[in-house]
Amino acid sequence: MPETARKNFAMLIDTDNISPQQIETILSEIRKRGIPMIRRAYGDWSTLSRTWKDALLPNAIIPVQQYAYTPGKNATDFALVIDAMDILHRNLVDGFAIVSSDSDFTPLALRLREAGKDVIGIGEHKAPAPFREACNPFVEIGPGEPPPKPEPPPKKADPASSAPAPAPPAPPAPTPAKIRQIAAVVRELNAKEGKACLLSTLGSHLTERKIDTKPFASLQKFLKACPDQFLLNGAGSSIRVRTKEP
């Protein structure tokens, strides 16, 4: 259809009942049927979010300020209706796009249709049936995405948690003096028996001579900690011990 033959529409937005995230969708729906020549959005801009204000400027929509003179009364509806009737009587457009989900605009839509004007209703799923029926057509749009939540600031590193973990304690080591004491007893028993002595026999002799195996919990662990000095063979009660001679 040539541009000169397309219908002109007055787009009147009730900001109390429409999400600003849907502005592009709203304009696209109107452009399918004509040109959104008059573009106005009604609301109390002292209380509306910055998201609404940011949606108007790039889309050349004129904000119409309407204060709530009486608490609980919707002054925005009255301002939109007054402007619609003024545009109708001046015969400025071929049709109207009433952007709202409010049933209060049902009488307005019917009056505009009686005057021979096209009336496009654009609103969300919550729009009531009478308002939908009064428009020709009614276009349902989604509620829009909520504004993104600001990301929380990064957590400061806890000095205690960021500090390197302490190194594990070094395993206990037999003292050279203790090694020499026990090695002397092992050699003595080996020479007496003519073979490697039993671990249990060695333990008894060390106890008699009051030689302990600290810091180890048992004699066997002490001897295993000295692989260069002692050899252990067997298992259980048959473990035998001898010194590793150079």
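Before any of the text, the structure's been laid out above.
All values reported here derive from a predicted model rather than from experimental measurement.

A. Spotlight on the overall build of the chain. A count of helices and strands for the chain gives nine helices and nine strands. By the burial criterion, 39% of the 246 residues in the chain qualify as buried. Pairs at least 24 residues apart make up 59% of the contacts formed inside the chain by residues separated by at least 6 positions. As displayed, the chain has an accessible area near 14900 Å², and 57% of this comes from carbon and sulfur atoms.

B. Looking closely at the sheet that holds strand β7 (residues 197-198). Read across the sheet, three strands follow the order β7-β9-β8 without closing on themselves; strand pairing throughout is antiparallel. Here the strands that pair on one side only, and so sit at the sheet edges, are β7 and β8 (230-233). In this sheet, strand β9 (residues 240-243) lies alongside β8 in antiparallel orientation, the contact comprising four bridges. In the sheet register, Leu-232 faces β9, and the bridge partner there is Val-241. Helix α7 (residues 176-193) contacts β7, β8 and β9 of the sheet and is inclined by roughly 110° relative to β9.

C. Spotlight on the packing of aromatic side chains. Scanning the entire structure with this criterion turns up one aromatic pair. Consider the rings of Phe-131 and Phe-138, whose centres lie 5.9 Å apart with planes at 80°: the pair is edge-to-face. Comparing Phe-131 with Phe-138, the two get one shared label, buried.

D. How the structure looks around the sheet that holds strand β1 (residues 7-14). One open sheet holds the six strands; their spatial order is β3-β2-β1-β4-β5-β6, and the pairing between them is parallel. Every interior strand has two partners, whereas the edge strands, β3 (62-65) and β6 (138-140), have only one. Strand-to-strand twist in this sheet, taken as the mean axis angle between neighbours without regard to direction, amounts to 20°. One ladder, built from eight bridges, connects β1 with strand β2 (residues 34-43); its direction is parallel. Looking across to β2, one finds that Lys-7 is bridged to Gly-34. Here helix α1 (residues 23-31) sits on the sheet in contact with β1, β2, β4 (95-99), β5 (118-123) and β6, set at roughly 145° to β2.

E. A look at the pairing of β5. Among the six residues in β5, five count as buried, and that is most of the element. As paired strands, β4 and β5 are joined by five bridges and run parallel to one another. Directly across from Phe-96, in β5, lies its bridge partner Val-119. Strand direction decides the pairing type here: β5 and β6, joined by three bridges, are parallel.

F. Region of interest: the nonpolar core. The biggest cluster of nonpolar side chains holds 24 residues, and the ones touching the most others in it are Ala-10, Leu-12, Ile-87, Phe-96, Ile-98, Leu-108 and Leu-112. Among the secondary structure elements, those contributing two or more residues to this core are β1, β2, α3 (75-89), β4, α4 (106-114) and α5 (129-134). In terms of residues, this core owes the most to one element, α3, which gives six residues. In contact with Ile-98, not counting residues within four places along its chain, are Leu-12, Phe-105, Leu-108, Ala-109, Leu-112, Val-119, Ile-120, Gly-121, Ile-122 and Phe-131.

G. Geometry of unusual backbone geometry. Omega for the bond connecting Asn-136 with Pro-137 falls within 30 degrees of zero, at 5°, which places this linkage in the cis form. The residue Pro-137 is located in the loop between α5 and β6 in this model. Unlike most non-glycine residues, Ala-60 shows phi in positive territory, near 55°. Within the secondary structure layout, Ala-60 lies in the loop between α2 (50-56) and β3.

Quick notes on the rules
- Residues numbered from 1 in each chain as written.
- Predicted model: local features only at pLDDT ≥ 70, side-chain atom pairs only at ≥ 80, totals over all residues.
- Heavy atoms only, no water.
- Helix = DSSP H or I, 4+ residues; strand = E, 2+ residues; numbered from the N terminus.
- Buried < 20%, exposed > 50% of the residue type's maximum accessible area, 1.4 Å probe, protein only.
- Contact = heavy atoms within 4.5 Å.
- Areas by Shrake-Rupley, 256 points an atom, 1.4 Å probe, with all protein chains shown as cover.
- Pairing = 2+ DSSP bridges.
- Axes fitted to C-alpha atoms, helices over the stretch in contact; angles between N-to-C directions.
- Phe/Tyr/Trp six-rings, centres within 6.5 Å; stacked < 30°, edge-to-face > 60°.
- Core = buried A, V, L, I, M, F, W, Y, C linked by side-chain atoms within 4.5 Å.

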